[in-house]
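# Working through the structure, step by step
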Amino acid sequence: TGGSGEGDGLRFTPSEGLDFGFGGFGIWSRTAYSPIEGNVAEGVFGQAPYAFFLHINFMKHHEVPNVEGTPPEIIGMTRPEVRYDVHDGALTLNTYGSFKDNSCLGSWVTSFSSSYFFNTITVGGHVIDNFNVVALAKEGRGLSFTHSSTFTFSGGSVTAIEEQNSIIGVTCGNNETIADTNFSYVGVSETHMGCLFPKRKYIRHHA
């Protein structure tokens, strides 16, 4: 029930973890250090099956804890230190973490939400690997980006089942740049809205 304002005891605990989506999110991440791979999210989501919220002011003074699996070079460092001192602005989602081989089926506001994902000097930016979306509703968005850096889609698709829908494949709230030549849009009302592409502008395109 992440992001819904409801306590775990209201729905998640009584259902023994089976009812987790409608409260808001499936996986709601506030870090770029963890691999998110091989997940299947199905159901009705109040917001998004997958979401990243990485505002720089969130826990920016907290140090990375020494827990199993943490890369030794970032233990005890703050988020700005990892980003600038260790990687000199080249840190990406894929440096320590990943978003790979995930999928979702159902209805939502957006299937993938990225808010405040940091800038990077790495060519291609942050890579989303093989993300597959099947939207059952008539409305919604495939992927949404707000105040986020460049993203590259490496394989995957957004598929809308309803014939007369208003589903948009990708929306960009602040002219984010995306590279999606290796990504498919099937049956959506529009493929892109508000996005920029490498070396060209692309504001809106109908499927």
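Further up the page is the structure itself.
Residues numbered from 1 in each chain as written. Predicted model: local features only at pLDDT ≥ 70, side-chain atom pairs only at ≥ 80, totals over all residues. Heavy atoms only, no water.

### Looking at the pairing of strand E7 (residues 110-115)
- The element E7 is extensively covered by neighbouring structure, given that 6 of its 6 residues are classed as buried.
- Judged from the 4 bridges that link them, strand E4 (residues 48-53) and E7 form a sheet pairing that is parallel. From the neighbouring strand, Phe52 faces E7, where its bridge partner is Ser114.
- In terms of strand pairing, E7 meets strand E9 (residues 141-146) through 5 bridges, oriented parallel. Residue pairing in the sheet places Phe112 in a bridge with Leu143 of E9. (Buried < 20%, exposed > 50% of the residue type's maximum accessible area, 1.4 Å probe, protein only. Helix = DSSP H or I, 4+ residues; strand = E, 2+ residues; numbered from the N terminus. Pairing = 2+ DSSP bridges.)

### A look at the state of the cysteines
- Taken as a whole and assessed by the stated rule, the structure comprises 1 disulfide.
- For Cys172, the disulfide goes to Cys195, at an S-S distance of 2.3 Å. Residues Cys172 and Cys195 are joined by a disulfide whose S-S torsion is about 85°; by sign, that bridge is right-handed. Pair noted here: Cys172 is in strand E11 (residues 168-172) and Cys195 is in the loop between strand E13 (190-193) and strand E14 (196-197), with a separation of 23 residues, a long-range link. (Disulfide = S-S within 2.5 Å.)

### Some words on the packing of aromatic side chains
- For the structure on display, the rule yields 18 aromatic pairs.
- Aromatic pair Phe52 and Phe112: ring centres 5.9 Å apart, planes at 50°, arrangement tilted. Residue Phe52 is located in strand E4, and its partner Phe112 is located in strand E7; the two are separated by 60 residues in the primary sequence. Comparing Phe52 with Phe112 shows no difference in burial state: the two are buried.
- Measuring from centroid to centroid gives 5.6 Å for Phe53 and Tyr116, while their planes differ by 75°, and the two rings are edge-to-face. (Phe/Tyr/Trp six-rings, centres within 6.5 Å; stacked < 30°, edge-to-face > 60°.)

### Looking at unusual backbone geometry
- Residue Asp88 is not a glycine yet carries a positive backbone phi of 50°.
- Its location among the elements puts Asp88 in the loop between helix H1 (79-86) and helix H2 (93-96).
- For Asp88, a relative accessible area of 62% gives the class exposed.
- Backbone geometry places Asp101, a non-glycine residue, at a positive phi of 55°.
- Turning to its location among the elements, Asp101 is positioned in the loop between strand E5 (98-100) and strand E6 (103-107).

These figures capture arrangement, not role.
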